[in-house]
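# Survey of secondary and tertiary structure
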Amino acid sequence: MANVAFIGLGVMGYPMAGHLARAGHSVTVYNRTESKASQWLEAYSDAAAGDLFAAPTPAGAAADADLVFACVGADKDVEDVCIGAGGAFDAMRTGAVFVDHTTASADCARAMAAEAEARGIGFVDAPVSGGEAGAVNGALTIMCGGEQGNFDAAESVMQAYGKSIRLLGGAGSGQLAKMVNQVCIAGVVQGLSEAVHFGMEAGLDMKAVVNVIGKGAAQSWQMDNRASTMIDGEFDFGFAVDWMRKDLGIVLEEASRMQVSLPLTALVDQFYADVQKMGGNRNDTSSLIRRFRG
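Now for a quick tour of the structure.

Conventions used here
- Residues numbered from 1 in each chain as written.
- Predicted model: local features only at pLDDT ≥ 70, side-chain atom pairs only at ≥ 80, totals over all residues.
- Heavy atoms only, no water.
- Helix = DSSP H or I, 4+ residues; strand = E, 2+ residues; numbered from the N terminus.
- Rg over C-alpha atoms; globule rule 2.2 N^0.38 Å.
- Buried < 20%, exposed > 50% of the residue type's maximum accessible area, 1.4 Å probe, protein only.
- Areas by Shrake-Rupley, 256 points an atom, 1.4 Å probe, with all protein chains shown as cover.
- Lys, Arg positive; Asp, Glu negative; His and termini not counted.
- Charge placed at Lys NZ, Arg CZ, Asp CG, Glu CD.
- Arc of directions from axis to C-beta.
- Pairing = 2+ DSSP bridges.
- Axes fitted to C-alpha atoms, helices over the stretch in contact; angles between N-to-C directions.
- Right-handed = clockwise from strand over helix to strand, strands pointing away.
- 1 Å grid on protein atoms, 1.4 Å probe; cavity = no way out; pocket = protein on both sides within 12 Å on 5 of 7 lines; lining within 4 Å.
- Points joined across faces, edges and corners; volume = space filled by probe spheres on them.
- Nonpolar A, V, L, I, M, F, W, Y, C, P; charged D, E, K, R; others polar.
- Salt bridge = Lys/Arg side-chain N within 4 Å of Asp/Glu carboxyl O.
- Phe/Tyr/Trp six-rings, centres within 6.5 Å; stacked < 30°, edge-to-face > 60°.
- Lys NZ or Arg CZ within 6 Å of the ring centre and 35° of its normal.

Each helix and strand in the protein was counted, giving 13 helices and 9 strands. Rg of the C-alpha trace for the protein: 20 Å, near the compact-globule value of 19 Å for 294 residues, within the 12% margin. With the principal axes as the frame, the protein shows a C-alpha extent of 65 × 50 × 35 Å. The burial tally for the protein puts 51% of its 294 residues in the buried class. Of the roughly 13000 Å² of accessible surface on the protein, a fraction of 51% belongs to carbon and sulfur atoms. Taking the average place of the 21 positive charges on the side chains of the protein and the average place of its 34 negative ones, the gap between the two points comes to 6 Å.

Structure, rendered in structure tokens:
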């Protein structure tokens, strides 16, 4: 078992850190809101096989860790917990590895990897897919970028909450792969929204229709998991519109830099902006259908 730290106990990080505790690792957590860290300690103390601690700073959490995991908000948050005041990099021992599960830009990942290397520590950008349910169930897909040795040091520990873990290239490759993931999701959710709306307007029993077509070429994870809740007008199932717009903004900025055209992604991003204007900021991503059905 390893000494690990986990920085950021949000919707995703809270259960991910919990899986590490249940797996028997000694876990030190840091969260910007200290009460959340105290809540986490209480929630997992009975299930933990190793020691659990909370630290007042990222550096305090990282000081004795073999591996430091983070899942925070965006580029600025990653920079703050890595190299800001009280940042983890200042305290990490030589040879320790920082694994960033935040969905951030590839440039941020490359910059943090270079900074880590200069300090004699490892860095892996490792954004995740699977949403809150994937985090709770320990079934996340983890897309990684970095050096092979750093990935190897972290892979077996990430298995506590990951069902599919793959190194896809050098620093930034994990973030680029996550961008590909979000482009795919955006198009599929929009298509499903239009299909469900069309079928309901046609007077079809859409749950029966989905049951039939979900066994054919139209099948997707979104159809299996979100078509029914779309039909029922329920949008409280994890990954929020605000987060999706943040992610698509990263995608579109990278595409602009690369001079790659992503017309459908840009259009769906604006559709999500419409949902935000309707007050759907915290709705899950399937709420695109609200543009049709209110």
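Attention now moves to helix H7 (residues 148-158). Residues of H7 that are buried include every one of Asn-150, Phe-151, Ala-154, Val-157 and Met-158, and no others. One side of H7 holds all its buried residues, which, seen down the axis, span an arc of 125°.

To continue, consider the sheet that holds strand S3 (residues 52-54). With respect to topology, 6 strands assemble into an open sheet ordered S3-S2-S1-S4-S5-S6, the strand pairing being parallel. Edge positions in the sheet fall to S3 and strand S6 (122-125), since each has one partner strand and no second. Averaged over all neighbouring strand pairs, the angle between strand axes comes to 20°, with direction disregarded. Pairing geometry for strand S5 (residues 97-100) and S6, over 4 bridges, is parallel. Bridged to Val-99 within S6 is Val-124.

Okay, the pairing of strand S4 (residues 67-70) next. On S4, burial covers both faces: Leu-67 and Phe-69 on one face and Val-68 and Ala-70 on the other are all buried. By the bridge criterion, 4 bridges tie strand S1 (residues 3-7) to S4 in an arrangement that is parallel. Bridge pairing links Ile-7 to Ala-70 in S4. Taken together, S4, helix H4 (residues 75-83) and S5 form a β-α-β motif whose crossover is right-handed.

As a further point, take empty space enclosed by the protein. Rolling a probe over the atoms, with the probe sized like a water molecule, indicates the empty space that remains. Per the counting criterion, the structure on display carries 1 cavity of 30 Å³ or more. Considered as a void within the structure, the largest cavity measures approximately 40 Å³ in volume. As for the largest cavity, its lining consists of Thr-103, Ala-104, Gln-175, Lys-178, Met-179, Gln-182, Asp-247, Ile-250 and Val-251. Looking at the lining of the largest cavity, the elements with two or more residues in it are helix H8 (173-201) and helix H11 (241-258). When residues of the lining of the largest cavity are assigned to their parent elements, the largest contribution, 4 residues, is made by H8. Here the lining of the largest cavity is composed, by residue class, of 4 nonpolar, 3 polar and 2 charged.

Inspection of the secondary structure assignment puts Asp-100 in strand S5. Of the side chains with opposite charge, Lys-246 comes closest to the buried, unpaired Asp-100, at an N-O distance of 9.1 Å.

What the rule picks out here adds up to 8 aromatic pairs. Consider the rings of Phe-6 and Phe-69, whose centres lie 6.3 Å apart with planes at 20°: the pair is stacked. Taken together, the residues Phe-6 in strand S1 and Phe-69 in strand S4 connect sequence positions 63 residues apart. Phe-69 matches Phe-6 in its accessibility class, with the two residues each being buried. In textbook terms, an aromatic cluster arises when at least three aromatic residues are bridged by ring pairs, as seen for Phe-6, Phe-69 and Tyr-161. A cation over an aromatic ring shows up here: Arg-291 above the ring of Phe-292, its NZ or CZ 5.8 Å from the ring centre.

As a volume, the second largest pocket reaches approximately 160 Å³. For the second largest pocket, the full set of lining residues is Ala-113, Ala-114, Glu-117, Ile-121, Gly-122, Phe-123, Gly-146, Glu-147, Asn-150, Gly-170 and Ala-171. Of all the secondary-structure elements, those providing two or more residues to the lining of the second largest pocket are helix H5 (106-118) and S6. Here the element with the most residues in the lining of the second largest pocket is H5; it accounts for 3 residues. Residue composition of the lining of the second largest pocket, grouped by class: 5 nonpolar, 4 polar and 2 charged.

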